[in-house]
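# Survey of secondary and tertiary structure
Below, each chain spelled out in residue letters.
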Amino acid sequence: HNCLTSEQRDEILRVQRSSARPFGVLAEELFGVSPADVETAWAAQYAAIAPRFDPRSHTIDPGVLGVIERRQAWQFRLIPIRREGDETVFVTSTEDLARALRFTGWRVPGPCTFCICDRGTLAIGLSIHYPIDGMDHTFLERVLDDLEAA
């Protein structure tokens, strides 16, 4: 999404140094970048540096699964995988990262961080760790395909 020119980026960085305001907020205010584009760019950057995690093959502490409800796991497409001190670590896909972050921001107490996996792997992980009758990974993949086609 090349929303900004390199000159605009440099201008935002200059203003940011003196104001300590978030880059995305400044991009919106100074150059009219949409919040959705800011969120998409943030999610791509976060996902590029986040660790990878396969919920099918790694052990997940059953006690941490209770941090969210089964419906929430499927709706917001995330799985809590462990605690690190007061921090809860989740796995989600790159495409679902922004949505998962918004959800954990209002629902999960304390800091949350994310690992990344692909959507198909996430769907299988959800069906393993949060099984719902009639809602397995093939169902979720169909729903996700329908959403992407819309």
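About the criteria used
- Residues numbered from 1 in each chain as written.
- Predicted model: local features only at pLDDT ≥ 70, side-chain atom pairs only at ≥ 80, totals over all residues.
- Heavy atoms only, no water.
- Phe/Tyr/Trp six-rings, centres within 6.5 Å; stacked < 30°, edge-to-face > 60°.
- Helix = DSSP H or I, 4+ residues; strand = E, 2+ residues; numbered from the N terminus.
- Buried < 20%, exposed > 50% of the residue type's maximum accessible area, 1.4 Å probe, protein only.
- Core = buried A, V, L, I, M, F, W, Y, C linked by side-chain atoms within 4.5 Å.
- Pairing = 2+ DSSP bridges.

## Examining the packing of aromatic side chains
Evaluated as defined, the whole model comprises 5 aromatic pairs. Where Trp42 meets Tyr46, the ring centres are 5.2 Å apart and the plane angle is 40 degrees; that geometry is what we call tilted. Of this pair, Trp42 and Tyr46 both sit in helix α3 (residues 35-49), 4 residues apart, which is roughly one turn of the helix. The class of Trp42 is partly exposed, set by a relative accessible area of 30%. Accessibility expressed as a relative area gives 22% for Tyr46, which makes it partly exposed. Arranged with centres 5.4 Å apart and planes meeting at 85 degrees, the rings of Phe103 and Trp106 form a pair that is edge-to-face. Note that Phe103 and Trp106 are positioned in helix α6 (residues 97-107) at a spacing of 3 residues, about one turn of the helix. Residue class for Phe103 comes out buried when judged on its relative accessible area of 1%. Look at Trp106 and you get exposed, because its relative accessible area is 59%. Taken together, Trp42, Tyr46, Phe90 and Phe114 form an aromatic cluster joined through their ring pairs.

## Some thoughts on the nonpolar core
Among the nonpolar cores identified, the biggest contains 30 residues, and Ile68, Leu78, Ile79, Ile81, Phe90 and Tyr130 are the most heavily contacted of them. No other element matches the 4 residues that strand β3 (residues 112-116) contributes to this core. Counting residues in each nonpolar core, the second largest holds 5 residues, with Ile12, Val15, Leu26 and Val33 among its members.

## Description of the pairing of strand β1 (residues 79-84)
When β1 meets strand β2 (residues 87-92), the two strands line up antiparallel, connected through 5 bridges. By the bridge assignment, Ile79 is partnered in β2 with Val91. Between β1 and β2, which pair antiparallel in sequence order, lie 2 residues; one of them, Gly85, sits at a positive phi of approximately 70 degrees.

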